[in-house]
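Read off the chains here:
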Amino acid sequence: MFGAKIVRCAKSEVPDEVEKLKKKLAAEGKKCHYVHDERSETVQASAYIDDYKEIYDYQNESGIKFDYIFSASGAGTTQAGLILGKLLHPDFKKEGCNHPTIVGISTARAYERGVMKLSEHIHNYYRFFRNDTPNESDIKEQINLASQYVCGGYGLYDDEITS
């Protein structure tokens, strides 16, 4: 579509493949700028802050209470944004308010790396958009990541998962 070409590679090879492609395009006289830094992922995460508020408001208006919100967690921006929505909600620490537990199900990352990325997204949001630092214990308490279904990498599965 639109002349796009897909370059398939292992995740660990992405930086090298991007550099090769940039050099190839430059040799063809084309200008190339690869947009990917911590700010782009932070913007993606921030999009889910309002989604959390919508879920929270819905449960209060409908009388249906959610115990959990489950989300796939690859780059971690969806889950981080939902956690940010919860942390930033005015009722977050109010007694008696029902804030669902947000659980990410890792699609690619091992637990330690996934938790690190989630924390990084949350810290970056506070740094870039609030010029502030978040409460560290709140972050640790809100990060729930299930990584036992990764099976060694993105898109991999085993008989136990498919049965």
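Below is a short write-up of the structure. None of the values given here were measured: they were computed from a predicted structure.

## Some remarks on the packing of helix α4 (residues 77–88) against helix α5 (residues 111–130)
It is the contact of α4 with α5, at a shortest axis distance of 9 Å, that shows an interaxial angle of 55°. Taken together, the axes of α4 and α5 are oblique relative to one another. For the pair α4 and α5, the crossing hand works out as right-handed. Residue-level inspection shows T77, Q79, A80, I83, L84, L87 and L88 of α4 in contact with α5, the latter providing L118, H121, I122, Y125, Y126 and R130. Residue classes in the contact of α4 with α5 are distributed as nine nonpolar, three polar and one charged.

## Some remarks on the pairing of strand β2 (residues 101–106)
Where strand β1 (residues 68–73) meets β2, six bridges bridge the pair, whose relative direction is parallel. In the strand pairing of β2, F70 is matched with V103. One crossover worth recording links β1 to the parallel β2 by way of α4, and it is right-handed. Sheet topology places β2 next to strand β3 (residues 145–146); two bridges connect them, and they run parallel. Among the inter-strand pairings, I105 is bridged to a residue of β3, identified as A146.

## A few points about the packing of helix α3 (residues 49–62) against α4
Put simply, α3 and α4 touch, their axes get as near as 7 Å, and they point 60° apart. Overall, the two elements α3 and α4 adopt an arrangement that is oblique. Crossing geometry of α3 relative to α4 is assigned as right-handed. For the pair α3 and α4, the contacting residues are I49, D51 and Y52 in the first and G81, L82, L84, G85, K86 and L88 in the second. Looking at the contact of α3 with α4, its residues break down into five nonpolar, two polar and two charged.

## Focus: the pattern of salt bridges
Within the structure shown, the criterion is met by eight salt bridges. With a shortest N-O distance of 3.1 Å, K24 and E28 are connected by a salt bridge. Exposure remark for E28: the relative accessible area of 42% places this residue in the partly exposed category. A salt bridge links E28 to K30; the shortest N-O distance between them is 3.4 Å. Judged by relative accessible area, K30 falls into the partly exposed class, the value being 46%. Ionic contacts of the salt-bridge type, sharing partners, join the residues K24, E28 and K30 into one network.

## Thoughts on the sheet that holds β2
Taken in spatial order, the three strands of this open sheet run β1-β2-β3, and their pairing is parallel. Strands at the two margins of the open sheet, each flanked by one partner only, are β1 and β3. Together, β1, β2 and β3 form the strand contacts of α4, whose direction differs from that of β2 by roughly 170°.

## A closer look at α3
The first and last C-alpha atoms of α3 sit 20 Å apart over 14 residues, in line with the 20 Å expected at 1.5 Å per residue. Among all positions of α3, only I49, Y52, Y56 and Q59 are buried. Along the axis of α3, the buried positions cluster into a sector of 100°, meaning they face one direction only. With respect to the buried face of α3, the exposed residues turned more than 90 degrees away are D50, E54 and E61. Phi turns positive one or two residues past the end of α3, at G63, with a value near 80°.

What counts, and at which threshold
- Residues numbered from 1 in each chain as written.
- Predicted model: local features only at pLDDT ≥ 70, side-chain atom pairs only at ≥ 80, totals over all residues.
- Heavy atoms only, no water.
- Axes fitted to C-alpha atoms, helices over the stretch in contact; angles between N-to-C directions.
- Helix = DSSP H or I, 4+ residues; strand = E, 2+ residues; numbered from the N terminus.
- Parallel < 35°, antiparallel > 145°, perpendicular 65-115°, else oblique.
- Left-handed = near helix turned anticlockwise from the far one by under 90°.
- Contact = heavy atoms within 4.5 Å.
- Nonpolar A, V, L, I, M, F, W, Y, C, P; charged D, E, K, R; others polar.
- Pairing = 2+ DSSP bridges.
- Right-handed = clockwise from strand over helix to strand, strands pointing away.
- Salt bridge = Lys/Arg side-chain N within 4 Å of Asp/Glu carboxyl O.
- Buried < 20%, exposed > 50% of the residue type's maximum accessible area, 1.4 Å probe, protein only.
- Expected span 1.5 Å × (residues − 1).
- Arc of directions from axis to C-beta.

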